[in-house]
Amino acid sequence: MSGLQEILVIILLLVLIIFLPKRMGKGGRDRRPGKIMKALSGKVRLGVMASAVWLLLWTVYFRPWSGDLLGFALVGLSPVALGWGVLWVIDGFRKDQDA
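Residues numbered from 1 in each chain as written. Predicted model: local features only at pLDDT ≥ 70, side-chain atom pairs only at ≥ 80, totals over all residues. Heavy atoms only, no water.

**Notes on the overall build of the protein chain**
Convention followed: Each helix is a run of DSSP H or I of at least 4 residues and each strand a run of E of at least 2, with the numbering of both proceeding from the N terminus. The buried label applies to any residue whose accessible area, calculated with a 1.4 Å probe on protein chains only, is under 20% of its type's maximum; exposed applies above 50%, and partly exposed to all values in between. Note on contacts: a residue pair is in contact if any heavy atoms of the two residues lie within 4.5 Å. Note on areas: these come from Shrake-Rupley sampling with a 1.4 Å probe, and a residue is covered only by the protein chains present in the view.
A count of helical and extended segments in the protein chain gives 4 helices and 0 strands. Along the chain direction, N to C, the helices and strands of the protein chain fall in the order α-α-α-α. Counting only residues that meet the buried cut, the protein chain has 12% of its 99 residues in that class. Of the contacts made within the protein chain by residues no fewer than 6 positions apart, 31% connect residues no fewer than 24 positions apart. Summed over all atoms, the accessible surface of the protein chain reaches about 8300 Å², with 71% contributed by carbon and sulfur.

**Observations regarding the packing of aromatic side chains**
Counted only if it meets this: We call Phe, Tyr and Trp rings a pair once their centres come within 6.5 Å, taking the six-membered ring for Trp, and we label the pair stacked below 30 degrees between planes, edge-to-face above 60, and tilted otherwise.
Under the defined criterion, the tally for this structure stands at 4 aromatic pairs. Taken together, the ring pairs in this structure connect Trp54, Trp58, Tyr61 and Phe62 into an aromatic cluster.

**So, a nonpolar patch on the surface**
For clarity, the cut-off: Patches in this entry comprise residues that are over 30% relatively accessible and not in a salt bridge; like charges within 9 Å are linked, as are nonpolar side chains (Val, Leu, Ile, Met, Phe, Trp, Tyr) within 5 Å. The salt bridge definition used is simple: a Lys or Arg side-chain nitrogen within 4 Å of an Asp or Glu carboxyl oxygen.
Residues Leu8, Val9, Ile10, Ile11, Leu12, Leu13, Leu14, Val15, Leu16, Ile17, Ile18 and Phe19 make up a contiguous nonpolar surface patch of about 1100 Å² in total accessible area. Here Leu13 shows up in helix H1 (residues 2-23). Look at Leu13 and you get partly exposed, because its relative accessible area is 46%.

**Digging into the confidence of the model for the protein chain**
As a reminder of what qualifies: The predictor attaches a confidence to each residue, called pLDDT, with possible values from 0 through 100.
Predicted confidence across the protein chain gives a mean pLDDT of 80, with 78% of residues reaching 70 or more. Helix H2 (residues 35-39) is the least confidently modelled element of the protein chain, averaging 64 in pLDDT, while helix H3 (residues 42-62) averages 89, the highest of any element.

**Some points on H3**
Put simply, the rule reads: Take the residue count of a helix, subtract one, and multiply by 1.5 Å to get its expected span. The arc in question is the one spanned by the directions pointing from the helix axis to the C-beta atoms.
Between its terminal C-alpha atoms H3 stretches 30 Å, which fits the 30 Å expected from 21 residues at 1.5 Å a residue. For H3, the set of buried residues is Ser51, Leu55, Thr59 and Phe62. Along H3, the residues classed as buried sweep out an arc of 85 degrees about the axis, all on the same side. In H3, those exposed residues whose orientation departs by more than 90 degrees from the buried face are Gly42, Lys43, Leu46, Met49, Leu57 and Tyr61. Backbone geometry just after H3 places Arg63 at a positive phi near 50 degrees.

This is how it looks when you write it as structure tokens:
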């Protein structure tokens, strides 16, 4: 079970590395307390939850800490990364059209 804990710690660190600097101002204080959750639409929240459940189910099935890392990467991680990547690109095109 230690492998699952290691994966969860890595995910937590990545989330903190990505989101924490955006929330902190120059003085190191939180500039927008509580605004991130208000800014997320229902579709994005649904996508985050679906991604988390998808990854959790395939993690339990493949048990990547036991050696089936390739299967987990192909079936568990790839669809999530591809889906969020496509959404990111589409969002970029929409922002270009609005400008």
